[in-house]
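# Chain and residue survey
So the chains spell out like this:
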Amino acid sequence: MSKIHIDEIVLPAREVPVWREVDIVVVGGGLAGVGAAIAAGRAGARVLLVEAQGFLGGTMTAVTVGSICGEYVLENGTPRRIVGGLIEELVNRLMARGEARGPECWLQTATTIYDPFAMRCVLDEMIHEAGVETLMHTRCIDLDQKENRITGLVLGFRSQLFAVRCRQIIDCTGDGEVAALAGVPWECDLEHLQMPSAMFRFGGVAPGTLDTLDRAALRARLELAVAEGMDLPRTAGGLFSLRDGMVHANVTRLEHGARSPDPLSAEEMTATEIEGRRQVKLYESAFRRFVPGFEKAFVADAGSLAGIRESRRICGRHVLTADEVLRGAKSDTAIACSAWPVEDHGADRKTRWVWLEPGSYYQVPFGCLVPERGPGNLLIAGRCVSAEHDAHASLRVGATCMAMGQAAGLAAAIAIDDGIAAVGAIAIDKLQARLTADQAFLG
Ligand SMILES: Cc1cc2nc3c(=O)[nH]c(=O)nc-3n(C[C@H](O)[C@H](O)[C@H](O)COP(=O)(O)OP(=O)(O)OC[C@H]3O[C@@H](n4cnc5c(N)ncnc54)[C@H](O)[C@@H]3O)c2cc1C
């Protein structure tokens, strides 16, 4: 809510029934959370996955993204996989059903195009097979903490409150919600936060349209629309297609004045959702008028949420820096690799891309997942991990988030097996060996 309030009310102390006792609770069912829950479940832990929405996949399925980034590095023009494990399994399952295609070379990298609804279905199956119990439509809203440990989570479903006791917790909320509740330090600098976008899919696009419409050509067409008086906030965008006639569009930009809307303000997020829908319709008419092949196109579906690229970044034991990203730094405590460029959606109509040396990649240290201070039984994974703004602009993509989640889930399971209360103290070589055995790529 707004940080300015007019008054305060004091709630009476209240008893909350304990509904379950489990080993590990993963909060947030985006790709990071699903990765964490499956890895921990397969390792034999009793896992509860808590997700605020009615489906899994988070941004990748709620925002209707449509392309998985971060799996590959290009070596002499050929894609080489640098993120394996669960994301590879997910992609293989989607491909086997004709619901994904890739790798597709794009700019100086390669991506996988997928169907967001099919991804929701495959994630349901993978979670079920891993023996993970899931609660959807359920939010973590408070914590029970004792002696530097989280001992329970207070969950809310509709107007009902109930609690879960657990030994390890993984915050995969994207917004660092659990970490913030636990008092872990975090950053969210509104002046430099990346801008959100509303994503949507066109239907009715003429066959073959994308064969000749590259990024530069699209930009020229949308600049023409601006010159003709259409107030488009962004003219650089990504278009990709899995099926004839259907095109995913990543073209809108949602601002609050000259800065990003505050992802932690209910008022600003409400205005952002409404502005997102307005822009989707605005771009629909711009494409129809100015982009060849889109004359009969229409908005076939749009994300159920505005896409938030960046909100809280948790302060961890290791803060990944832009320098480490761009020089392809390696780490003795690596738990994942990434070669995605710094992709920064700032206030301009363009997007700022800063590429790594061709063929190179960096490693994500375990310390990015471990809070600098706060409860010893909490890990963070996904787009709220510990990184500078520019480094975050690289590691926030789907494949890297799932890889970080997989590592966090396995780390929490190892902590339980080895009787280690502070998960940050587990044996890293053991975690790395288990990840490698599970087909994760660590370099
Ligand atoms: C517009 C846009 C375009 C993008 N394009 C691409 C792209 O083309 N390819 C790519 O790979 N990446 C892309 N990304 C980035 C990528 O999609 C995300 O950074 C990544 O998926 C984040 O995964 P995550 O699991 O860390 O978080 P999220 O996907 O944000 O998942 C967090 C989950 O936690 C849940 N949650 C939050 N708070 C609570 C709570 N208190 N209790 C319970 N549940 C909670 C949310 O409902 C959500 O499902 C894009 C992002 C945006 C915004």
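Computed from a predicted structure; not experimentally measured.

Here is what the cut-offs are and how they apply
- Each chain has its residues counted from 1, following the order in which its sequence is written.
- Under the rules for a predicted model, residues below a pLDDT of 70 receive no local features and side-chain atom pairs below 80 are neither given nor counted, while totals for whole chains, interfaces and linings still include all residues.
- No hydrogens and no water enter the side-chain calculation; it runs on all heavy atoms of the structure.
- Here the bounds of each domain stem from an automatic or database domain assignment.
- Accessible area that two parts lose when put together, evaluated with a 1.4 Å probe and summed over both, is termed the buried area.
- We count a salt bridge whenever a side-chain nitrogen from Lys or Arg sits within 4 Å of a carboxyl oxygen from Asp or Glu.
- Note on conventions: DSSP H or I runs of at least 4 residues are helices, E runs of at least 2 residues are strands, and numbering of each starts at the N terminus.
- In the scheme used here, Gly and all other residues not listed as nonpolar or charged are polar, with Ala, Val, Leu, Ile, Met, Phe, Trp, Tyr, Cys and Pro taken as nonpolar and Asp, Glu, Lys and Arg as charged.
- Think of a polar contact as two N or O atoms within 3.5 Å of one another; within protein, one of them needs to be a possible hydrogen donor and the other a possible acceptor, and neighboring residues in sequence only count if both atoms come from side chains.
- The criterion used for residue contact is that any of the two residues' heavy atoms lie within 4.5 Å.
- Interaxial angles span 0 to 180 degrees and are taken between N-to-C directions of axes, which are lines fitted to C-alpha atoms, for helices over the stretch in contact.
- An angle below 35 degrees is treated as roughly parallel, one above 145 as roughly antiparallel, one from 65 to 115 as roughly perpendicular, and anything else as oblique.
- Crossing handedness is read from the near helix: turned anticlockwise from the far helix by less than a right angle, it gives a left-handed crossing, and turned clockwise, a right-handed one.
- DSSP bridges decide pairing: two strands pair if at least two such bridges lie between them.
- Any residue with a non-hydrogen atom lying within 4 Å of a molecule or strand is treated as near it.
- Computed by Shrake-Rupley with a 1.4 Å probe, the accessible areas treat only the displayed protein chains as cover when residues are assessed.

## Quick look at the domain arrangement of the chain
Here the domain parsing of the chain yields domain 1 (18-190 + 311-437) and domain 2 (200-302). Its C-alpha centre places domain 1 at a distance of 28 Å from the equivalent point of domain 2. Here domain 1 packs against domain 2, burying approximately 2,100 Å² in sum over the two surfaces, 52% of which is carbon and sulfur. At the junction of domain 1 with domain 2, the criterion picks out three salt bridges. Measuring nitrogen to oxygen at the nearest pair gives 2.6 Å for the salt bridge that ties glutamate 99 to arginine 243. Of all elements in the fold, only strand S7 (100-106) and strand S8 (109-114) reach the threshold of two or more residues within the side of domain 1 that touches domain 2. The element that contributes the greatest number of residues to the side of domain 1 that touches domain 2 is S7, accounting for three residues. Grouping the amino acids of the side of domain 1 that touches domain 2 by side-chain chemistry returns twelve nonpolar, eight polar and seven charged.

## Focus: the side chain of asparagine 250
Summarising the element assignment, asparagine 250 is placed in strand S17 (residues 247-250). Among the polar contacts listed, one links the side chain of asparagine 250 to the side chain of arginine 234, at a separation of 3.1 Å. Within the local environment of asparagine 250, its side chain forms a polar contact with the side chain of arginine 309, the two groups lying 3.3 Å apart. Those residues in contact with asparagine 250, other than ones at most four positions away along the chain, are Ser197, Met199, Arg234, Ala236, Gly237, Gly238 and Arg309.

## Observations regarding the environment of valine 50
With respect to the secondary-structure elements, valine 50 resides in strand S3 (residues 47-50). A sequence separation of 22 residues divides valine 50 from glycine 28, and the C-alpha atoms of the two residues are 5.8 Å apart. Not counting chain neighbours up to four residues away, the residues in contact with valine 50 comprise Val25, Val26, Val27, Gly28, Gly29, Leu135, Thr138, Arg139, Cys140 and Leu155.

## Overview of the packing of helix H1 (residues 31-42) against helix H4 (residues 116-129)
Where H1 meets H4, the closest approach of the two axes is 10 Å, and the angle between their N-to-C directions is 25°. Between H1 and H4, the interaxial angle falls into the category roughly parallel. Relative to H4, H1 is oriented so that their crossing is left-handed. Residues Leu31, Val34, Ala37, Ile38 and Arg42 of H1 form the contact with H4, whose own contacting residues are Met119, Leu123, Met126 and Ile127. Looking at the contact of H1 with H4 residue by residue, the classes come out as eight nonpolar, no polar and one charged.

## With respect to the pairing of strand S12 (residues 160-165)
Pairing geometry for strand S1 (residues 18-21) and S12, over three bridges, is parallel. If you follow valine 18 over to S12, its bridge partner there is alanine 163. As paired elements, strand S11 (residues 149-157) and S12 share six bridges and run antiparallel to each other. Bridge pairing in S12 places valine 154 opposite alanine 163. The hairpin turn running from S11 into S12, its antiparallel successor, is two residues long, and arginine 158 in that turn takes a positive phi close to 45°.

## Looking at the site of the ligand
The environment of the ligand is formed by 36 residues, the closest being Glu51, Thr59, Ser67, Arg396 and Gly398. Separating a nitrogen atom of the ligand from a backbone N or O atom of serine 67 is a distance of 2.6 Å. Between the ligand and the protein, one listed contact pairs an oxygen atom with a backbone N or O atom of arginine 396 at 2.5 Å. Contact with the protein chains removes 96% of the 1,000 Å² of surface that the ligand exposes when unbound. Elements represented by at least two residues in the shell around the ligand include exactly H1, helix H2 (59-62), strand S4 (67-68), strand S10 (139-146) and helix H11 (398-417). In terms of residue class, the shell around the ligand is built from 15 nonpolar, 15 polar and six charged.

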